[in-house]
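# Results of the structural survey
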Amino acid sequence: MADREPVPLPAEVRAKLAELELELSEGDITQKGYEKKRSKLIGAYFPQAPGMDPSMGQERRAPVTPSSSSRYHRRRSSGSRDERYRSDVHTEAVQAALAKHKERKMAVPMPSKRRSLVVQSSMDAYTPPDTSSGSEGEGQGNGEEGEGGDGEEEDGGGGGGTSSSREGSISMEHWINRAMHGTSSTTTTTSSTASSSSSSTRSGGSGAAGGRLADVLAQHVHISARHHLRHHHHRHHHKTENHSAPPDVTGYTNNSANSTAADGIQVERAPGGGPAVQRQAPKYGNAELMETGDGVPVSSRVSAKIQQLVNTLKRPKRPPLREFFVDDFEELLEVQQPDPNQPKAEGAPMVVMRGEQLGVVTNWPPSLEAALQRWGTISPKAPCLTTMDTNGKPLYVLTYGKLWSRSVKVAYNLLHKLGTKQEPLVRPGDRVALVFPNNDPAAFMSAFYGCLLAEVVPVPIEVPLTRKDAGSQQIGFLLGSCGVTVALTSDACHKGLPKSPTGEIPQFKGWPKVLWFVGESKHVSKPPRDWFPHIKDANQDTAYIEYKTCKDGSVLGVTVMRIAMLTHCQALTQSCSYTEAETIVNVLDFKKDVGLWHAVLTSVMNMMHVISIPYALMKVNPLSWIQKVCQYKAKVACVKSRDMHWALVAHRDQRDVNLSSLRMLVVADGSNPWSISSCDAFLNVFQTKGLKPEVICPCASSPEALTVAIRRPLEEGSTPPGRGVLSMQGLSHGVIRVDSEEKLSVLTLQDVGSVMPGAMMCVVRLEGVPQLCKTDEIGELCVCTVATGTSYYGLAGMTKNTFEVFPMSNNGAPVSEFPFTRTGLLGFIGPGGLIFAAGKMDGLMVVAGRRHNADDIVATALAVEPMKFVYRGRIAVFSITVLHDERIVVVAEQRPDSTEEDSFQWMSRVLQAIDGIHQVGVYCLALVPSNTLPKTPLGGIHLSETKQLFLEGALHPCNVLMCPHTCVINLPKPRQKQPEIGPASVMVGNLVSGKRIAQASGRDLGQIEDNDQARKFLFLSEVLQWRAQTTPDHVLYTLLNSRGTIASSLTCVQLHKRAEKIAAMLAERGHLQDGDHVALVYPPGIDLVVAFYGCLYAGCVPITVRPPHLQNISTTLPTVKMIVEVSRSVCMMTTQLISKLLRSKEASAAVDVRTWPPVLDTDDLPKKKPPLLYKPSNPDTLAYLDFSVSTTGMLAGVKMSHTATSAFCRSIKLQCELYPSREVAICLDPYCGLGFVLWCLCSVYSGHQSILIPPSELEVNPALWLSAVSQYKVRDTFCSYSVMELCTKGLGLQTDSLKSRGLDLSRVRTCVVVAEERPRIALTQSFSKLFKDLGLHPRAVSTSFGCRVNLAICLQPHRLGKLADQGTSGPDPTTVFVDMRALRHDRVRLVERGSPHSLPLMESGKILPGVRIIIANPETKGPMGESHLGEIWVHSGHNASGYFTVYGDEALQSDHFNSRLSFGDTQTIWARTGYLGFLRRTELTDASGERHDALYVVGALEEAMELRGMRYHPIDIETSVIRTHKSITECAVFTWTNLLVVVVELDGSEQEALDLVPLVTNVVLEEHYLIVGVVVVVDIGVIPINSRGEKQRMHLRDGFLADQLDPIYVAYNM
């Protein structure tokens, strides 16, 4: 079959088929799967491939001829869209494209949303269509809206027979619905169930919903996986280079941007060849495109077998050993390789086109001012301009006489009445702003000509309505750079400007200070009899400056010289055959562009009569311009396609319409490819009303090049102009291809006439040097003529690139000695010298190397049914750069009455349509409520502001759909895990490369000579008895309350006595045996300490348990219950209050209170003491159990023996230099880890006084801890991250008041954060910075590190007090910057601060005495080299002796606590911490002169996420996300079925929730090369955090899957 193909298959498809064959032969795919995929691949190339309806195949090839005008009769416009984009052909194409998608089921779960959010979107009840419509094309993807005059035409009134396209769309609906809602009973989930599942569970629905959600997402994952697969093969195909080389050379390109072809060839070790350096890991299996030796893809079975053999030869039997000294992890983003099959330009080089001679007619005036003077004196009564009021009545007729006299007045006053005689404010050549509203052309004309007469330069701008108008700031910047000091305006406009209470006009944002000057008769003085303006011939001076808004929103001023202005008027007069006293109707903005050129300048040169239709009148009566054409028998009208569309919408068979007087209808936006449909539709309707087809004259223009081309009004009955039906696919590659057989994606263009008289035109390439295009290539139109702008005011560099371009022919020679001007328009010169414009340069978006035009995409989106969904056709399309490529964003205003279902359905269709027609993915589709996008002065969408809002997260959409999975195809390849190298080779490798094995240790306990009296006791209970005898009244503990006063304190003897009573009570009431377990459920305080020693005295094993939280019993009590049960406690000791709570009604709702063990309350103790105190027989017996919930939600208890406990206390005593005369402030939770040891054990061992500050009291009084530190002059203090955060947030603004109250932290030598995680460097730094003013030494703050197997490995106290005499026990905590990309590959690469992808890591403190550390490979258990990332293993006297569990999982126990290295020192027994980190020897030395080894903790292995073959630490992604928007207060990430889920807490209004979705997706892509699968926006406080301030990501994950988070919004990225 593969050899007898009726249609030749493209190489790409053949290659994929070959790959399939290989998969089948290797057994990677079943026969059935093979057939299915194969038929899918070749289906499109067989007229009747299996499974395809034959009629469908035929129908798709039916030619679509856009010129058949009958189509336009069939269906009238539907009124709710901009006719500029209206094209029935296109609509049909879109419907057909969607129909092609009907088999692909949409298995995208609908986003779930809180009710409050849903209501919001339709709050903005439907606004009548007056405020927004119309637009000025300033923005390039301007969704200029079209709208019926009133709401009643909304139904479109499409009488007549129903069109085939409408029928098509009905069946289309049916298909789409079937596709969306699951066609057969077998598909369990579809988008509808997804939405219901998320809502049903919210209202206490079934628990199965979580599962349903899971199904949907599973299905969703399946889809995205399929996409990946498709793209992968596709990409791979692109990247293969055809090297004619023997089979042992693979054709990988090196895919770094600058690699040459030679670089690209990477030799791998061929079986017989010598050693070859191998850069990239070889690919296994069938990921490699099959080629024969000479690189031709193969497609037959036989050669596939041979190929397989060749591939086997290509592949080394084992991958060569990875070197240890080459960092080969470089993650390269895929560089889009050009598709070998893409169309290329094949035409001949183009020639420069010349326009006809500009015939200088004898009576043409030498300058425009001369023309005005001539008409003003010869025929002063001739009408120059008639303005209309909003009722369409003539408001005012300006005659040439009046225009002349007023202009003279304005000129005189500008030069002589501003400033003083000696210091006039305005001199000839100065710039003056003209600020006039759109309904006052008469005042504008007088002012404009007044400026010309005074030889000052007018800068016409829009009226700034508010202080923060979209874009008004940029206009202010232009005025400032032009040095404008005077603004001319009309009386009415002056009154309407915003005023301050004193009556002055405020300075607008970004504007220079200007003097407002009203240039109307009653405000200006008459010039003296003898004063006349000086009228010169047109010269090289600047006549006026026209503003232009760029793609990025900045505003430039294009300067036009007087000679250029005059020549342009002459060229227009010649090409439009203007004659004296003709009447012209103008609907355009007269301040700039085509409106200014025809209705203000050329009209005066020819003494024409302009009828000006203000924008306000068009909104009330869209037919007004047509009525005025009839009324005045006008010869010419200047309109935009929008105005034609409006007229069609409002047209209701008006009998008296007669357009036969029109000889020319100038369509100003002819350069927009979609204007053709308006022209065609308009002609269809109005041909019966006397409109002649040859009258319609589209023109193309730009601010820089003025009129680029205009269609001449033809003689009657001559042939209609041509049109091009071009393939969009071709256009995206920059070539012109007349429509291919793929009928769906075509662009129909009309010509915009020929080159202007006296001008030359050529088309140059878009990139690189301005080289002439070939005849079948699209490029930028360039013109060479006097009649263009000359510069961007004040910007020499940009001017050179735009106005002084020398196009070159193929041989590199310039085509003309005169410079050309770039027009900013895309296009080509067609047959017969006709110019075709295909859009604006500004609207170009280059995605994956292909060019798409924003306008085209707007048109496709508008053609999607239901068309009325988009409010007035307001759609903005722009691109943003994410991960080194442009990504398309579509933003649309939705109708106020649309439902969630509507919007989601519309969005999915738009995605399919754009994919089908343009073959490009949309990265983000956002819907906003109607009338909320920023507007340009004439009501269009202000594109750059919209983009700015989107990027700032201030757009506030009501619906968002992100599709990063389909768009982002340049991610680095997933990492292939290499078969591990044996640990022995690693050792050898490290030796060869001269690296130390990564190991370090604290000081040796045996060698330290100190007078430690407590050393001679084996048990803490003995130490306490000894202290009670020798220093009975020495205070060991002081507890503070929230006011900072002492709540209670304990001396040695008091503690001893109370502990005895507890022991007696345990023996008496509890009848406990030696070794029984007792749970101590106490609030942080002294009772806890007493109970602990009481248990030791009685021989029981204590377990400290955090008491349940009063406000949150339901979640905290079960944890208490679990610890009590797992620890096998036979009895609980607690306070009276808590013992009541444990049996209360609330408690019984949470747990079964009947199963509590006996509860003893210790508030009133018995008077007697126990007969004798228990002394353990063996120091290796259990002293206490330490239970803690890890961040992943696992409860783990570890066993601490008496030996370990004493060793631990001794180690801390030595490290922190603790002795009885010291005071230490402790603000920690005393329930587990180092917190418990510092709170309960250290004081008894070392004899120092502990000032205890319960962290919960800080919620009442955040300054409590620091005040206590200051008040007691404490030198050493310990806290947790949550305490530090509380202080930073709660006291951030109060440092001054604290300072005034005498808070002084200058005595603090060490402030240690107790933690079991990577040091939070940002928090510790901001804490240090914040409290530096209160005397805190920046080096005082450091961290500790502990984990379950060893509660404290590092603890870094600095000895600031002794810095002078060099007796410091520890150097500074050092910070290094590592490459985050290397970390993902388990490598450590140090980089400079501030380099991209750098991550700061702070060392975790100084290693405690008696502790040894080694870094081992977690998989092979081999030792690692220094500065390699591996698991931290620890060996120490105070390691815990094992887990305490009910189940007694021995394997885990021995693995975590009794591991041995697989190579090297295999004798020592290590405990595995479960944390990744690395050791680095620093240049610093410690007190003993040893070089200091710094330990850097990167993160917990169990928290790390494996994605795309790399290891990510959640905290890194979370840090990026929190930085992205000010409203994100907290973030947590987790994975779920290899999807990355990001949960963010929103501090702001719920309307901001959807702003976060694109921002979060962007930042994770940019910084981590990961695609976010689900974004969940929740309220503050939803992300669970444990007492140590660590995020409980697994709890969060469970809550998400069980649908318990009550999220504000959940977005599923497709």
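Residues numbered from 1 in each chain as written. Predicted model: local features only at pLDDT ≥ 70, side-chain atom pairs only at ≥ 80, totals over all residues. Heavy atoms only, no water.

## Digging into the overall build of the chain
Looking only at helices and strands, the chain features 47 helices and 59 strands. Going through the 1614 residues of the chain one by one, you find that 60% of them count as buried. In the chain, the share of contacts with a sequence separation of at least 24, taken over all contacts with a separation of at least 6, comes to 75%. Of the accessible surface of the chain, which amounts to about 62,100 Å², a share of 54% is contributed by carbon and sulfur atoms. (Helix = DSSP H or I, 4+ residues; strand = E, 2+ residues; numbered from the N terminus. Buried < 20%, exposed > 50% of the residue type's maximum accessible area, 1.4 Å probe, protein only. Contact = heavy atoms within 4.5 Å. Areas by Shrake-Rupley, 256 points an atom, 1.4 Å probe, with all protein chains shown as cover.)

## As for a positive patch on the surface
Where like charges cluster on the molecular surface, the positive patch consists of Lys32, Lys36, Lys37 and Lys40. Residue classification places Lys37 among the partly exposed residues on the basis of a relative accessible area of 37%. (Patch = residues over 30% accessible without salt bridge, like charges linked within 9 Å, V, L, I, M, F, W, Y side chains within 5 Å. Salt bridge = Lys/Arg side-chain N within 4 Å of Asp/Glu carboxyl O. Lys, Arg positive; Asp, Glu negative; His and termini not counted. Charge placed at Lys NZ, Arg CZ, Asp CG, Glu CD.)

## Things to note about the nonpolar core
Residues Tyr449, Leu488, Tyr544 and Leu601 are the most contacted members of the largest nonpolar core, which totals 101 residues. Per-element accounting of this core gives the leading share, 11 residues, to helix α14 (residues 441-454). Residues in contact with Leu601, not counting those within four places in the same chain, are Leu368, Phe448, Tyr449, Tyr544, Met565, Cys569 and Leu596. Grouped together as the second largest cluster of nonpolar side chains are 91 residues, Leu1024, Leu1165, Val1237 and Ala1352 included. (Core = buried A, V, L, I, M, F, W, Y, C linked by side-chain atoms within 4.5 Å.)

## Comments concerning the pattern of salt bridges
Here the structure, examined in full by the defined rule, presents 44 salt bridges. Ionic pairing is found between Glu900 and Lys113, a salt bridge with its closest N-O pair at 3.2 Å. Here Lys113 lies in strand β1 (residues 112-113) and Glu900 lies in helix α26 (residues 900-918), a separation of 787 residues in the sequence. The burial state of Glu900 is the same as that of Lys113; both residues are buried. For Asp751, the salt bridge identified is with Arg711, shortest N-O distance 3.3 Å. Pair noted here: Asp751 is in the loop between β20 (746-750) and β21 (754-755) and Arg711 is in the loop between β18 (706-710) and β19 (723-727), with a separation of 40 residues, a long-range link. Just as Asp751 is buried, Arg711 falls in that class too. Residues joined in a network through salt bridges with shared partners are Glu1503, Glu1518, Glu1530, Lys1591 and Arg1593.

## Quick notes on helix α37 (residues 1233-1246)
In this model, α37 (14 residues) spans 18 Å end to end at C-alpha, consistent with the 20 Å of a helix rising 1.5 Å per residue. Along its length, α37 reaches its greatest deviation from straightness, about 40°, at Cys1240. Judged by how many residues are buried, α37 sits mostly within the fold: 14 of 14 residues are covered. (Expected span 1.5 Å × (residues − 1). Bend = angle between axes of the 7 residues up to and from the residue.)

## Description of the sheet that holds strand β11 (residues 542-549)
Across the sheet, three strands lie side by side as β11-β12-β24; this open sheet has antiparallel pairing. Looking at strand neighbours, the two that pair on one side only are β11 and β24 (791-792), the edges of this open sheet. Note: β11 against strand β12 (residues 555-561), seven bridges, orientation antiparallel. Its bridge partner being in β12, Thr549 is matched across the sheet by Val555. (Pairing = 2+ DSSP bridges.)

## As for the confidence of the model for the chain
Should pLDDT be low for a region, the predicted coordinates there are not to be read in detail. Considering every residue of the chain, the mean pLDDT works out to 79; 77% of them sit at 70 or more. Every residue in residues 1-6 is under pLDDT 50, and counting partners more than four places away or in other chains gives six contacts. Segment residues 120-303: pLDDT under 50, and 380 contacts once partners within four positions in sequence are set aside and those in other chains are kept. (pLDDT = per-residue confidence, 0-100.)

## Here we look at the packing of aromatic side chains
Under the criterion given, the structure shown has 27 aromatic pairs. Between Phe1017 and Trp1026, the ring centres sit 5.5 Å apart and the planes meet at 45°, which makes this aromatic pair tilted. Each member of the pair, Phe1017 together with Trp1026, is buried. A centroid spacing of 5.9 Å and a plane angle of 20° characterise the contact between Trp1265 and Phe1327, whose relative ring orientation is stacked. (Phe/Tyr/Trp six-rings, centres within 6.5 Å; stacked < 30°, edge-to-face > 60°.)

## A word on the sheet that holds strand β29 (residues 870-882)
Spatial strand order, β29-β30-β31-β32: four strands in an open sheet with mixed pairing. Edge positions in the open sheet fall to β29 and β32 (959-962), since each of these has one partner strand only. Strand-to-strand twist in this sheet, taken as the mean axis angle between neighbours without regard to direction, amounts to 15°. Across four bridges, strand β31 (residues 922-929) lies against β32 in antiparallel orientation. From the neighbouring strand, Cys924 faces β32, where its bridge partner is Met962. Running at roughly 135° to β29, helix α25 (residues 854-862) makes contact with β29 and β30 (885-894) of the sheet. (Axes fitted to C-alpha atoms, helices over the stretch in contact; angles between N-to-C directions.)

## Describing the environment of Val1411
Its location among the elements puts Val1411 in strand β50 (residues 1411-1416). Those residues in contact with Val1411, other than ones at most four positions away along the chain, are Ala1000, Ser1001, Gly1002, Ile1353, Val1434, His1435, Ser1436 and His1438.

## Section: the environment of Ile1413
When you line up the elements, Ile1413 lands in strand β50. It is 9.6 Å that separates the C-alpha atoms of Ile1413 and Ala1471, two residues lying 58 residues apart in sequence. With near-sequence residues (within four places) excluded, Ile1413 lies in contact with Ala998, Gln999, Ala1000, Ile1353, Ile1407, Ile1432, Trp1433, Trp1470, Leu1479 and Leu1495.

## With respect to the environment of Leu1080
Here Leu1080 lies in strand β36 (residues 1077-1081). Separated by 22 residues in the primary sequence, Leu1080 and Pro1102 place their C-alpha atoms 6.7 Å from one another. Ignoring anything within four residues of it in the chain, the contact list for Leu1080 reads Leu1088, Ala1091, Phe1092, Cys1095, Pro1102, Ile1103, Thr1104, Val1105 and Met1133.

## Comments concerning the pairing of strand β27 (residues 844-847)
Pairing geometry for β27 and strand β28 (residues 850-853), over four bridges, is antiparallel. Bridged to Val847 within β28 is Arg850.

## Some points on the pairing of strand β42 (residues 1223-1227)
Working note: regular strand, side chains alternate between the two faces of the sheet. Counting buried positions along β42 yields four of five residues, so the element is predominantly enclosed. For the crossover that starts at β42, traverses α37 and ends in the parallel strand β43 (residues 1249-1252), the hand is right-handed. Note: β42 against strand β44 (residues 1276-1279), four bridges, orientation parallel. Considered in β44, the bridge of Ile1226 is made with Phe1278. (Right-handed = clockwise from strand over helix to strand, strands pointing away.)

## Some details on the packing of helix α36 (residues 1202-1216) against α37
In the contact formed by α36 and α37, the axes pass within 10 Å of each other and the chain directions differ by 80°. The angle between the axes of α36 and α37 places the two elements in the roughly perpendicular class. When α36 is examined against α37, the residues Thr1205, Ser1206, Phe1208, Cys1209, Arg1210, Ile1212 and Lys1213 are found in contact with a partner set consisting of Leu1234, Val1237, Leu1238, Leu1241, Cys1242, Tyr1245 and Ser1246. Looking at the contact of α36 with α37 residue by residue, the classes come out as nine nonpolar, three polar and two charged. (Parallel < 35°, antiparallel > 145°, perpendicular 65-115°, else oblique. Nonpolar A, V, L, I, M, F, W, Y, C, P; charged D, E, K, R; others polar.)

## A word on helix α39 (residues 1264-1271)
Counting buried residues along α39, six of its eight residues qualify, which places the element largely inside the surrounding structure. Leu1264, Trp1265, Leu1266, Ala1268, Val1269 and Ser1270 are the residues of α39 that are buried. Downstream of α39 by one or two residues, Lys1273 has phi in the positive range, about 50°.

## Thoughts on the packing of helix α32 (residues 1086-1098) against α37
Each pair of packed helices gets described by two things: the angle between the helix axes and the distance between those axes. It is the contact of α32 with α37, at a shortest axis distance of 11 Å, that shows an interaxial angle of 65°. The crossing of α32 and α37 is right-handed. Judged by residue contacts, Leu1088, Val1089, Phe1092 and Tyr1093 of α32 engage Phe1236, Trp1239, Cys1240, Leu1241 and Val1244 from α37. Here the residues of the contact of α32 with α37 are counted per class, giving nine nonpolar, no polar and no charged. (Left-handed = near helix turned anticlockwise from the far one by under 90°.)

## Concerning the side chain of Thr1162
For Thr1162, the position within the fold is in the loop between β39 (1159-1161) and β40 (1182-1189). Given the relative accessible area of 10%, Thr1162 is considered buried. Engagement of the side chain of Thr1162 in a polar contact is seen with the side chain of Tyr1082, the distance being 2.7 Å. Filtering out sequence-adjacent residues up to four positions away, Thr1162 remains in contact with Ile1062, Met1065, Tyr1082, Met1133 and Thr1134. (Polar contact = N/O pair within 3.5 Å; in protein donor to acceptor, adjacent residues only side chain to side chain.)

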